[in-house]
Amino acid sequence: MAKIVGGIGCSHVPAVGAAHDHGKTENGYWSPLFAALPAARKWIKDLAPDVLILVYNDHASAFSLELIPTFAIGVAQWFENADEGYGPRKIPDVEGHPELAWHITESCILDGFDLTIANKMDVDHGCSVPLTVFFGEPEAWPVKVIPICVNVIQYPPPTAKRCYDLGQAIRKAVEEYDGDLKVAIAGTGGMSHQLQGERAGVINTEFDVNYLNNLRDNNDVNKNRSHLEYIREAGSEGIELVMWQIMRGAMEDKVVEKFRKYHVASSNTAFGIICFENAPEEKTEAEVKAMKEPELVEYANALGIKAHVDDLKKYTLEKVLTKLGYS
Amino acid sequence: MTKEEKAELRKAFADIPGTYVFTPEHSKMGYPLNMFCMSLNKAENRAAFGKDEAAYIEKFGMSLEQKEAVLKRQWLRMLELGGNIYYTFKIAIFDKKSMQHVGGKMSGITEDEFKEMMLSGGRSIIGNRSKEQDY
């Protein structure tokens, strides 16, 4: 059985890819963001997913106004990097996982999500910038990628709730897959930003931080927000945050936050990245107290408490009991 | 969602200051303009546009106003005429201009002022949520 092992929310600001490609990651403007990324990259490396389902939006690259699929899933073996007007980025092509992609397609459509099926879909910065953020500059990307492209440009995009529900259908599909695969899922875009009009440059840090906290603890707030609220509060392009809901829907109700970085501004955008694992099964107070030290430390870490076998056991125990609400 | 709620939502978009939600009306009006921008994804089209801008844009069926806005790089006007920023920005890429340059032009400040604003936390949301209400 395949399993979803991790979820990531991540902005896909094109300038972040350009900063990386042009060796500017250590300058004063970009270093506050890039210096934070090794911890996220280590988390992903340790997670070692076989497949990454990458939810993003196309920015007039593979799709134009000629054809606007609300949800399109890439089932191809390979996806090339699009020319967005600068010439394609000089980064590896993206290798797909047709077998799992077709399985998800079949399962989701039968469960009521009528995905558009793409056998050719060049991927743009929406897909490639998160790959750069997660993996840096490898010879080849270390995971197979299933791109899922969402329309968030033409009104109306899908609602946050619909995106969340699609995430749930994707989780069900992955868990019904016969192969033994570790699957991660990323929802990308956002956070607050507006590229257009007299209000260009608007940033709403309070909204973004609440979005991140609610994503972890109280996602109904994010899931039930209307398009109007997203656009008014997070900017016309902040509507991209609905795509993070697909990731959240694919994760279980209770998640543990493993990494977060929020940075204003990268180009015109508030950059956010957050990494989740599903919370471990909740143990009773007696079960926790009966744990031997290595097991307790492992459980503490799964709960998001940074614990180590060299720490005093009673401190780790206290933290775990507090986290579970037993003391 | 009820019919009334859908209509209310559309009306509410118009209350957000300085924001052009890409509604079906915008999309219909902007189709030729945006499809011209889309053509700049191809290197050979960028070369043709560079050689003779006025001649190149003739083949897309744009209105006179749209053509003028493109040739004069009137970024805000392009939005008013149905342009979408992800499409119109392709003209800026062609010009080797940044999103801050375009953002500045649309909001009446210089590129440097725009960059400075972003470095100091961006344009404040406070007072920028609604035309009708000050919050």
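The rules behind these values
- Residues numbered from 1 in each chain as written.
- Chains lettered and ligands numbered in written order.
- Predicted model: local features only at pLDDT ≥ 70, side-chain atom pairs only at ≥ 80, totals over all residues.
- Helix = DSSP H or I, 4+ residues; strand = E, 2+ residues; numbered from the N terminus.
- Contact = placed C-beta atoms within 7 Å.
- Rg over C-alpha atoms; globule rule 2.2 N^0.38 Å.
- Buried ≥ 20, exposed ≤ 12 C-beta atoms within 10 Å, placed from the backbone.
- Pairing = 2+ DSSP bridges.
- Expected span 1.5 Å × (residues − 1).
- Arc of directions from axis to C-beta.
- Core = buried A, V, L, I, M, F, W, Y, C linked by C-beta atoms within 7 Å.
- Nonpolar A, V, L, I, M, F, W, Y, C, P; charged D, E, K, R; others polar.
- pLDDT = per-residue confidence, 0-100.
- Axes fitted to C-alpha atoms, helices over the stretch in contact; angles between N-to-C directions.
- Parallel < 35°, antiparallel > 145°, perpendicular 65-115°, else oblique.
- Left-handed = near helix turned anticlockwise from the far one by under 90°.

Caption draft 1: Summary view of the overall build of chain B. Assigned secondary structure in chain B consists of nine helices and one strand. Traced from its N-terminal end to its C-terminal end, chain B shows the element sequence α-α-α-α-α-α-α-α-α-β. Partitioning the intrachain contacts of chain B with sequence separation of at least 6 by distance along the chain shows that 53% fall at a separation of at least 24.

Caption draft 2: Region of the structure containing the overall build of chain A. Check the secondary structure of chain A and you find 13 helices and 11 strands. Its C-alpha atoms give chain A a radius of gyration of 20 Å, within 12% of the compact-globule value 20 Å for 327 residues. Along the three orthogonal principal directions, the C-alpha set of chain A runs to about 60 × 45 × 40 Å. In chain A, buried positions account for 52% of the 327 residues.

Caption draft 3: The arrangement of the pairing of strand β3 (residues 71-74) of chain A in detail. All names here are of chain A. The pairing of β3 with strand β7 (residues 144-150) spans three bridges and is antiparallel. Looking at the pairing, Phe-71 lines up with Val-150 of β7. Here three bridges tie β3 to strand β6 (residues 116-118), and the two strands are oriented parallel to one another. Within β6, the residue paired with Ile-73 across the bridge is Ile-117.

Caption draft 4: Region of the structure containing helix α7 (residues 205-217) of chain A. Residue and element names in this part refer to chain A. The terminal C-alpha atoms of α7, which comprises 13 residues, lie 18 Å apart, in line with the 18 Å expected from a rise of 1.5 Å per residue. If you check which residues of α7 are buried, you get Phe-207, Asp-208, Tyr-211, Leu-212 and Leu-215. Along the axis of α7, the buried positions cluster into a sector of 135°, meaning they face one direction only. Of the exposed residues in α7, the ones pointing more than 90 degrees away from its buried face are Glu-206 and Asp-217.

Caption draft 5: Examining unusual backbone geometry more closely. All names here are of chain A. Of note, the bond from Gly-190 into Met-191 is cis; its omega dihedral lies within 30 degrees of zero at -5°. Residue placement: Met-191 occurs in the loop between β8 (182-188) and β9 (202-203). The backbone phi angle of Ala-48 is positive, close to 50°, even though this residue is not glycine. Counting through the fold element by element, Ala-48 comes out in the loop between α3 (37-47) and β2 (51-56). Overall, the presence of 12 C-beta atoms within 10 Å leaves Ala-48 in the exposed class.

Caption draft 6: Local environment of the nonpolar core. All names here are of chain A. One finds Ile-53, Leu-54, Val-55, Ile-146 and Met-243 to be the most contacted residues of the largest nonpolar core, which totals 121 residues. With eight residues, helix α6 (residues 160-175) is the single largest residue contributor to this core. The residues contacting Ile-146, other than those within four sequence positions of it, are Val-51, Ile-53, Leu-54, Ile-73, Gly-74, Gly-96, His-97, Leu-100, Ala-101 and Ile-104. Counting residues in hydrophobic clusters, the runner-up holds six residues, among them Leu-296, Val-297, Ala-300 and Val-320.

Caption draft 7: Structural context of the interface of chain B and chain A. Across the boundary between the two partners, chain B contributes 41 residues, which contact 35 residues of chain A. Those elements giving two or more residues to the side of chain B that touches chain A turn out to be α1 (3-13), α2 (24-39), α7 (85-94), α8 (99-107) and α9 (111-119) of chain B. Here the side of chain B that touches chain A takes six residues from α7(B), the largest share from any one element. When grouped by side-chain class, the residues that make up the side of chain B that touches chain A number 25 nonpolar, 13 polar and three charged. The pairing of β9(A) with strand β1 (residues 123-124) of chain B spans two bridges and is parallel. Along β1(B), the bridge assignment pairs Ile203(A) with Ser124(B).

Caption draft 8: Summary view of the pairing of strand β10 (residues 255-266) of chain A. Pairing analysis gives nine bridges linking β10(A) to strand β11 (residues 269-278) of chain A, with the strands arranged antiparallel. Opposite Val256(A), over in β11(A), you have Glu277(A) as the bridge partner.

Caption draft 9: Broad picture of the confidence of the model for chain B. In this model, chain B carries a mean pLDDT of 97, and residues with pLDDT of at least 70 account for 100%. For this predicted complex, the interface confidence comes out at an ipTM of 0.97, alongside a pTM of 0.96.

Caption draft 10: Up close: the sheet that holds β6(A). Residue and element names in this part refer to chain A. Across the sheet, eight strands lie side by side as β6-β3-β7-β2-β8-β1-β11-β10; this open sheet has mixed pairing. For this open sheet the edge positions go to β6 and β10, each flanked by a neighbour on one side alone. Between one strand and the next, the sheet's axes are offset by a mean angle of 20°, whatever the strand orientation. Sheet contacts for α6: β1 (3-10), β2, β3 and β8; angle to β1, the most-contacted strand, approximately 150°.

Caption draft 11: Spotlight on the packing of helix α12 (residues 293-302) of chain A against helix α13 (residues 313-323) of chain A. Residues and elements named next belong to chain A. Packing of α12 against α13 leaves a shortest axis separation of 10 Å and a crossing angle of 40°. The pairing of α12 with α13 is recorded here as oblique in orientation. For α12 against α13, the interelement crossing comes out left-handed. Along its contact with α12, which presents Glu-293, Leu-296, Val-297, Tyr-299 and Ala-300, the element α13 presents Lys-313, Thr-316, Leu-317, Lys-319 and Val-320. Here the contact of α12 with α13 is built from residues that sort into six nonpolar, one polar and three charged.

Caption draft 12: Region of interest: the environment of Glu84(A). Here Glu84(A) is to be found in the loop between β4 (78-79) and β5 (94-95). C-beta crowding within 10 Å serves as the criterion here: with 22 such atoms nearby, Glu84(A) is assigned to the buried category. Along the primary structure Glu84(A) and Ala72(A) are separated by 12 residues, whereas in three dimensions their C-alpha atoms are 19 Å apart. With near-sequence residues (within four places) excluded, Glu84(A) lies in contact with His59(A), Ser61(A), Asp124(A), His125(A) and Asn41(B).

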